[in-house]
Amino acid sequence: MIFPPGSSPDAAGWAAEFGGHMAVGLVLCALAGLLARDARAGAAIAVLGYGIAWEALWQAFGAGVGDALVDTFAVLCGAVIAAAAWHRIGSAIAVAILAASIALWAGIRRRL
């Protein structure tokens, strides 16, 4: 089910949405990487495609730019994790997880 942007004012709901967007980035990167035969290209295609196509569509319905940036950042984190796992770059996985954790901490703290 698709909910309106920013529809989870509570911390747990917002964190679940963030995690869901990370999963979207992971899956989109894997699919695009398979088609492009390169995970890095797949990550770029996934993030740019999501940000331009999906979030731009929601902007037409009045979604906030901040919401779009946070969602796209979560997709980016998921895509980086997928691409880094594909190429076995553990440090990039760690950086993406750290960045996502900081964003999650800030978002949850804001809603408490």
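Data block above holds the structure.
Note that the coordinates shown come from a computational prediction; the quantities given were computed from them, not determined experimentally.

Asker: How do you make sense of the nonpolar core when you look at a structure like this?
Answerer: Across soluble globular proteins, nonpolar side chains show a tendency to be buried alongside one another. Grouped together as the largest cluster of nonpolar side chains are ten residues: Cys29, Ala39, Ala43, Ala46, Val47, Tyr50, Val75, Ala79, Ala82 and Ala83. Of all the secondary-structure elements, those providing two or more residues to this core are helix 2 (39-60) and helix 3 (65-86). The dominant element in this core, judged by the number of residues it contributes, is helix 2, at five residues. Those residues in contact with Ala43 that sit more than four places away from it in its chain are Cys29, Ala79 and Ala83. Within the second largest apolar cluster, eight residues are counted, among which are Phe18, Cys77, Ile81 and Ala96.

Asker: What should I look at first to understand the state of the cysteines in this one?
Answerer: Disulfide: a covalent bond connecting the sulfur atoms of a pair of cysteines. One pass over the structure, following the stated rule, counts zero disulfides. Cys77 provides the cysteine sulfur closest to Cys29, a residue in no disulfide bond, and the two sulfurs are 12 Å apart. The class for Cys29 is buried, based on a relative accessible area of 0%.

Asker: Whenever I open this one, a nonpolar patch on the surface confuses me. Can you help?
Answerer: Together, Leu26, Val27, Leu31, Leu34 and Trp86 give the surface a local cluster of nonpolar side chains, amounting to about 480 Å² of exposed area. Looking at the nonpolar patch, the element that brings in the most residues is helix 1 (residues 11-36), giving four residues. Along the chain, Leu34 turns up in helix 1.

Asker: When you look at helix 4 (residues 90-111) in this model, what are you seeing that I'm missing?
Answerer: In an α-helix, one full turn covers 3.6 residues, which means residues spaced three or four apart are oriented alike. Between its terminal C-alpha atoms helix 4 stretches 32 Å, which fits the 32 Å expected from 22 residues at 1.5 Å a residue. Where the residues of helix 4 are buried, they touch helix 1 and helix 3.

Asker: For this particular structure, what's the right way to read the environment of Gly49?
Answerer: Within the secondary structure, Gly49 sits in helix 2. Using a relative accessible area of 34% as the deciding quantity, one classes Gly49 as partly exposed. When the C-alpha atoms of Gly49 and Leu28 are compared, they prove to be 9.2 Å apart, with 21 residues separating the residues in sequence.

Asker: Which parts of the structure should I look at to understand the packing of aromatic side chains?
Answerer: Given two aromatic rings, one states the distance between the centres and the angle between the planes to describe the pair. In the structure shown here, the tally under the stated rule is three aromatic pairs. Taking 6.0 Å as the distance between ring centres and 70° as the angle between the ring planes, the aromatic pair formed by Trp54 and Trp58 counts as edge-to-face. Residue Trp54 and its partner Trp58 are located together in helix 2, separated by four residues, close to a single helical turn. Taken together, the ring pairs connect Trp54, Trp58 and Phe61 into an aromatic cluster.

Asker: When you look at the environment of Gly19 in this model, what are you seeing that I'm missing?
Answerer: Locating Gly19 in the fold gives a position in helix 1. Between the alpha carbons of Gly19 and Ala100 there is a distance of 9.0 Å; along the sequence they are 81 residues apart.

Asker: Even after reading the chapter, I still don't get the packing of helix 1 against helix 2, so can you show me in this structure?
Answerer: Each pair of packed helices gets described by two things: the angle between the helix axes and the distance between those axes. Here helix 1 crosses helix 2 at 125°, and the two axes come no closer than 7 Å. Accordingly, the angle class assigned to the pair helix 1 and helix 2 is oblique. Seen from above, helix 1 lies across helix 2 with right-handed handedness. Seen from helix 1, the contacting residues are His21, Val24, Gly25, Leu28, Cys29, Ala32, Gly33 and Ala36; seen from helix 2, they are Ala39, Ala41, Gly42, Ala43, Ile45, Ala46, Tyr50 and Glu55. A class-by-class count of the residues in the contact of helix 1 with helix 2 yields eleven nonpolar, four polar and one charged.

Conventions used here
Residues numbered from 1 in each chain as written. Predicted model: local features only at pLDDT ≥ 70, side-chain atom pairs only at ≥ 80, totals over all residues. Heavy atoms only, no water. Core = buried A, V, L, I, M, F, W, Y, C linked by side-chain atoms within 4.5 Å. Buried < 20%, exposed > 50% of the residue type's maximum accessible area, 1.4 Å probe, protein only. Helix = DSSP H or I, 4+ residues; strand = E, 2+ residues; numbered from the N terminus. Contact = heavy atoms within 4.5 Å. Disulfide = S-S within 2.5 Å. Patch = residues over 30% accessible without salt bridge, like charges linked within 9 Å, V, L, I, M, F, W, Y side chains within 5 Å. Areas by Shrake-Rupley, 256 points an atom, 1.4 Å probe, with all protein chains shown as cover. Salt bridge = Lys/Arg side-chain N within 4 Å of Asp/Glu carboxyl O. Expected span 1.5 Å × (residues − 1). Phe/Tyr/Trp six-rings, centres within 6.5 Å; stacked < 30°, edge-to-face > 60°. Axes fitted to C-alpha atoms, helices over the stretch in contact; angles between N-to-C directions. Parallel < 35°, antiparallel > 145°, perpendicular 65-115°, else oblique. Left-handed = near helix turned anticlockwise from the far one by under 90°. Nonpolar A, V, L, I, M, F, W, Y, C, P; charged D, E, K, R; others polar.

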